[in-house]
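# Commentary on secondary and tertiary structure
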Amino acid sequence: MLGERLANRMKHLAKWGRKQGISCFRLYERDVPDYPAIVDWYGDPNAADPTRDGDAVAWLHARKKDDTPEKEIEHRRDAQAEILAGLNIPAERLHVKHRGRQRTGDGDRDQYERVDTKSTTKIVDEHGIRFEINLSDYLDVGLFLDHRPTRRSVGERAAGKRVLNLFAYTGAFSVHARAGGAVATTTVDMSRTYLDWYERNLTLNGLSSDRDHQVIQADCLQWLEAGPSSEHERYDIVICDPPTFSNSKRMKAGSFAIDRDHPDLLRWIARFVAPKGEVFFSTNSRSFELDDSAVPAGFGSREISNRSVPDDFRNQRIHRCWRLAEGWEQRR
Ligand SMILES: C[S@@+](CC[C@H](N)C(=O)[O-])C[C@H]1O[C@@H](n2cnc3c(N)ncnc32)[C@H](O)[C@@H]1O
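Residues numbered from 1 in each chain as written. Predicted model: local features only at pLDDT ≥ 70, side-chain atom pairs only at ≥ 80, totals over all residues.

On to the overall build of the chain. Counting secondary structure elements, the chain contains eight helices and 17 strands. Over its C-alpha atoms, taken along the principal directions, the chain stretches across nearly 60 × 45 × 40 Å. For the chain, the residues scored as buried account for 36% of the 332 residues in total. Within the chain, residue pairs in contact and separated by at least 24 positions form 61% of the contacts whose partners lie at least 6 positions apart. (Helix = DSSP H or I, 4+ residues; strand = E, 2+ residues; numbered from the N terminus. Buried ≥ 20, exposed ≤ 12 C-beta atoms within 10 Å, placed from the backbone. Contact = placed C-beta atoms within 7 Å.)

What follows is about the domain arrangement of the chain. Split into domains, the chain comes out as domain 1 (2-107) and domain 2 (144-326). Counting residues at the interface gives eight residues for domain 1, matched by six residues for domain 2. Per-element tally for the side of domain 1 that touches domain 2: the top contributor is strand E1 (residues 24-29), with four residues. (Domains from an automatic or database assignment.)

Attention now moves to the pairing of strand E2 (residues 37-43). Of all seven residues that make up E2, seven are buried, and the element is covered over most of its length. Of the strand pairs in this sheet, E2 and strand E3 (residues 54-60) are connected by seven bridges, and their pairing is antiparallel. When the sheet's bridge partners are listed, Trp-41 is paired in E3 with Ala-56. (Pairing = 2+ DSSP bridges.)

Here we take up the environment of Gly-86. With respect to the element layout, Gly-86 can be found in helix H2 (residues 69-87). Gly-86 sits 81 residues away from Arg-5 along the chain, and the two C-alpha atoms are 7.6 Å apart. With sequence-adjacent residues up to four places away left out, Gly-86 is seen in contact with Leu-2, Gly-3, Glu-4, Leu-6 and Ala-7.

This paragraph deals with the environment of Asp-137. Within the secondary structure layout, Asp-137 lies in the loop between strand E8 (129-134) and helix H3 (148-157). Spatially, the C-alpha atoms of Asp-137 and Val-115 are 5.3 Å apart, while their sequence positions differ by 22 residues. Sequence-distant contacts of Asp-137, defined by excluding residues within four places in its chain, comprise Arg-114, Val-115, Asp-116, Thr-117, Lys-118 and Ser-119.

Even without a glycine there, the phi angle at Asn-46 is positive, about 60°. By the element assignment, Asn-46 lies in the loop between E2 and E3. Judged by C-beta crowding, with 9 C-beta atoms within 10 Å, Asn-46 ranks as exposed. The backbone phi angle of Asn-88 is positive, close to 55°, even though this residue is not glycine. Considering the arrangement of structural elements, one finds Asn-88 in the loop between H2 and strand E4 (94-97).

Turning our attention to the sheet that holds E2. Taken in spatial order, the four strands of this open sheet run E1-E2-E3-E4, and their pairing is mixed. Two strands in the sheet have a free side with no partner beyond their single neighbour: E1 and E4. Recorded for the sheet is a direction-independent mean angle of 20° between the axes of neighbouring strands. Its contacts with the sheet put helix H1 (residues 2-20) on E1 and E2, and the angle it makes with E1 is roughly 150°. On the sheet, H2 packs against E2, E3 and E4 and is oriented at approximately 155° with respect to E3. (Axes fitted to C-alpha atoms, helices over the stretch in contact; angles between N-to-C directions.)

Turning next to the packing of H3 against helix H4 (residues 172-179). Remark: H3 packs on H4, axes separated minimally by 7 Å, with the N-to-C direction vectors making an angle of 30°. Between H3 and H4, the interaxial angle falls into the category roughly parallel. Seen along the crossing, H3 lies across H4 with a hand that is right-handed. In this structure, H3 uses Arg-151, Arg-152, Val-154 and Gly-155 to contact H4, whose residues at the interface are Ala-172, Phe-173, His-176, Ala-177 and Ala-179. Of the residues that constitute the contact of H3 with H4, the class distribution is five nonpolar, two polar and two charged. (Parallel < 35°, antiparallel > 145°, perpendicular 65-115°, else oblique. Left-handed = near helix turned anticlockwise from the far one by under 90°. Nonpolar A, V, L, I, M, F, W, Y, C, P; charged D, E, K, R; others polar.)

Right, let's talk about helix H7 (residues 258-270) for a bit. Of all the bends in H7, the largest measures some 30° and sits at Asp-264. Those residues of H7 that fall on the buried side of the exposure criterion are Asp-261, His-262, Leu-265, Leu-266 and Ile-269. In the core, the buried residues of H7 are packed alongside helix H6 (220-226), strand E12 (235-240), strand E14 (256-257) and strand E15 (273-283). (Bend = angle between axes of the 7 residues up to and from the residue.)

With respect to spatial proximity, 19 residues lie near the ligand, and among them Tyr-169, Met-190, Ser-191, Asp-241 and Ser-246 are the closest. Residues of the shell around the ligand, tallied by class, amount to 12 nonpolar, four polar and three charged. (Near = placed C-beta within 6 Å.)

Structure (structure tokens):
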């Protein structure tokens, strides 16, 4: 059942992807209830056969809460065999992840922590822009597929603009902005590992950081709270896709939780926005509600999730995304 479903989806999505200019997409998302898995496809650029030459990344979830460990192992084996057969790929091209917080001797493991050291990397293509992905070492590969339409949209409106990318991860939004002709970019993340990865993504596209295109390693909350360094530090486009939760000493509570702390976050961001500038604000929090009173004075907000979530995602609630613009009227 799973194999058949994957084969059919691949046939459809490979054609769809070619038209869109992409080779990476979400193939499967809990479509068959007996196989509660997620499978993403990272096709080889310039592949002879893009439906076969590529890597699959699978998150296999437990099927039933009361399955014995033996039953669970058997189910995982069965799911993996179905994926290999359905996609007609060798075992080394299937990369299986264990989603969710994995317990270690030290307590909960962070989602962004390294989980392996094999460094199986490859280059993929998205609308003509190249990205390095790492299939083996982290729970996420370095490119969140659900933000593909928003990255494209940022790239399309970036010409001549100043762009700020917060919680930037591997800087995919910034690379699109640079390729789209942004005159200045500031890319902020607290992880050196991910910022180095961003610099490699720039290099892959013939770009590099410089005086106008800065890379800043900092706690975004601390950096934002400090405010712009001068009157001139204003941005036309701000991208803010924060984690649902972050251990930040900057917050009074000793941590950052998007549901609770977004009013402060948006207020701080507003000080960096140029007249008529806009903010793309997104979250994966399932319980998130944008508090109308959290929209900063002088700004209006519109939810754009129905356009920002890509068609290959069955879960249309994978994220929610808003566009906040300076000068719009907010219906309060
Ligand atoms: C949800 S992802 C952002 C996804 C990214 N915008 C994208 O689309 O590729 C989380 C990123 O936030 C960073 N991060 C988490 N807490 C942070 C903080 N307080 N300050 C700066 N970066 C933080 C992590 O290092 C990680 O790179």
